[in-house]
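Analysis of the macromolecular model
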Amino acid sequence: MTVRAATPDDVPAILALIHELAVYEREPDAVRTTEADLGRVLFPADGPAAAFCHVALDGEVVVGIAVWFLSFSTWTGRHGIWLEDLFVSPAHRGRGLGKELLRTLAEICLARGYTRLEWWVLDWNAPSIAFYQALGAVAQDEWTTYRLDGEALSVLGGSPGRTPRPS
């Protein structure tokens, strides 16, 4: 069992685990991501990556992922890591791979001077909540996540008479 940074060859396995995660999170039809999307973001042909991934392996088989990107705190003036997805295939749980993926991200934070490693967890996911609490993670219950997507995003960002600003 090992953990390492993902490579372009891992993209099909990463996408397969994202689909497994969607099933686990009761959203089996929600994944729109393609291998090409992941390749563009994780391993761009030009410029720096916008997101990163570490994989957990059983031998040569990818059985777990930690997909993450940089965050920034105006309060600390430093970057942090936002963990978008942490998932270990059910058949490989209980071997410490999830903890090893998180440990790897914590090591990156410390080595780079990042002040936070953050993520969210579904309220009903008691096994994950217990796992995170056992590691010393603290729920940020005073914050409520908001999201604009779909029609609401289009309405706000595509106001008549305004030209969207390029990034």
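Data block above holds the structure.
As the structure is a computational prediction, the values presented were derived from the model and not from experiment. Sequence positions are assigned chain by chain, starting from 1 and proceeding in written order. Per-residue local features are limited, in this predicted model, to residues with pLDDT of at least 70; the limit for side-chain atom pairs, both in listing and counting, is 80 or more; totals at the level of whole chains, interfaces and linings are taken over all residues. In computing side-chain properties, one takes all heavy atoms of the structure into account and sets aside hydrogens as well as water.

Side note on the overall build of the chain
Here a helix means four or more residues in a row that DSSP labels H or I, a strand means two or more in a row labelled E, and each is numbered from the N terminus. Looking only at helices and strands, the chain features five helices and five strands. When the helices and strands of the chain are listed from N to C terminus, the series reads β-α-α-β-β-β-α-β-α-α. A burial count over the chain gives 29% of its 167 residues as buried. The Shrake-Rupley method, run with a 1.4 Å probe sphere, supplies the accessible areas, and residue values consider only the shown protein chains as cover. As displayed, the chain has an accessible area near 11200 Å², and 55% of this comes from carbon and sulfur atoms. Within the chain, one finds 14 positive and 21 negative side-chain charges whose respective centroids are separated by 5 Å. Working definition: with a 1.4 Å probe on protein chains only, accessible area under 20% of the residue-type maximum means buried, over 50% means exposed, and in between means partly exposed. In this tally, Asp and Glu contribute negative charge and Lys and Arg positive charge; neither His nor the terminal groups of the chain are included. Charge positions are represented by NZ for Lys, CZ for Arg, CG for Asp and CD for Glu.

Overview of the pairing of strand E4 (residues 78-88)
With eight of eleven residues buried, E4 is to be regarded as a mostly interior element. Strand pairing is assigned whenever DSSP identifies at least 2 bridges connecting the two strands. Between strand E3 (residues 61-73) and the antiparallel strand that follows it, E4, lie four residues; Gly77 among them carries a positive phi value of about 70°. Summarising the sheet, E4 and strand E5 (residues 117-118) pair through two bridges and their orientation is parallel. Looking at the pairing, Trp82 lines up with Glu118 of E5. Chirality of the crossover, the property in question, places the unit of E4, helix H3 (residues 97-112) and E5 among those that are right-handed. When the strands point away from the viewer, a crossover counts as right-handed if the route from the first strand across the helix to the second turns clockwise.

Things to note about the environment of Leu21
Following the sequence through the fold, Leu21 ends up in helix H1 (residues 11-24). Considered as a pair, Leu21 and Ser89 are 68 residues apart in the sequence and their alpha carbons are 8.3 Å apart.

Some points on the sheet that holds strand E1 (residues 2-5)
An order of E1-E2-E3-E4-E5 is seen for the five strands of this open sheet, with the pairing classed as mixed. Either end of the sheet is taken by a strand with one partner, and the two such strands are E1 and E5. Bridge count between E1 and strand E2 (residues 52-58): four bridges; the pairing is antiparallel. By the bridge assignment, Ala5 is partnered in E2 with His54. Set on the sheet, H1 makes contact with E2, E3 and E4; between it and E3 the angle comes to about 80°. Residue contacts follow a heavy-atom distance rule, with two residues in contact if any of their heavy atoms lie within 4.5 Å. Axis lines are fitted to C-alpha atoms, over the contacting stretch for helices. Their N-to-C directions set the angle, which ranges from 0 to 180 degrees.

Digging into unusual backbone geometry
Positive phi outside glycine occurs at Arg26, with the angle close to 65°. By the secondary structure assignment, Arg26 is in the loop between H1 and helix H2 (35-42).

Examining the nonpolar core
By size, the foremost hydrophobic cluster in this structure holds 17 residues, and its most contacted members are Ile14, Leu38, Leu42, Cys53, Val55, Val62 and Ile65. At the level of elements, H1, H2, E2 and E3 are the ones that each hand at least two residues to this core. Counting residues per element, this core draws most heavily on H1, at six residues. Here the nonpolar core consists of buried residues drawn from Ala, Val, Leu, Ile, Met, Phe, Trp, Tyr and Cys, with membership extended through side-chain atoms lying within 4.5 Å. Listed in part, the 16 residues of the second largest apolar core include Ala56, Ala66, Leu101 and Leu105.

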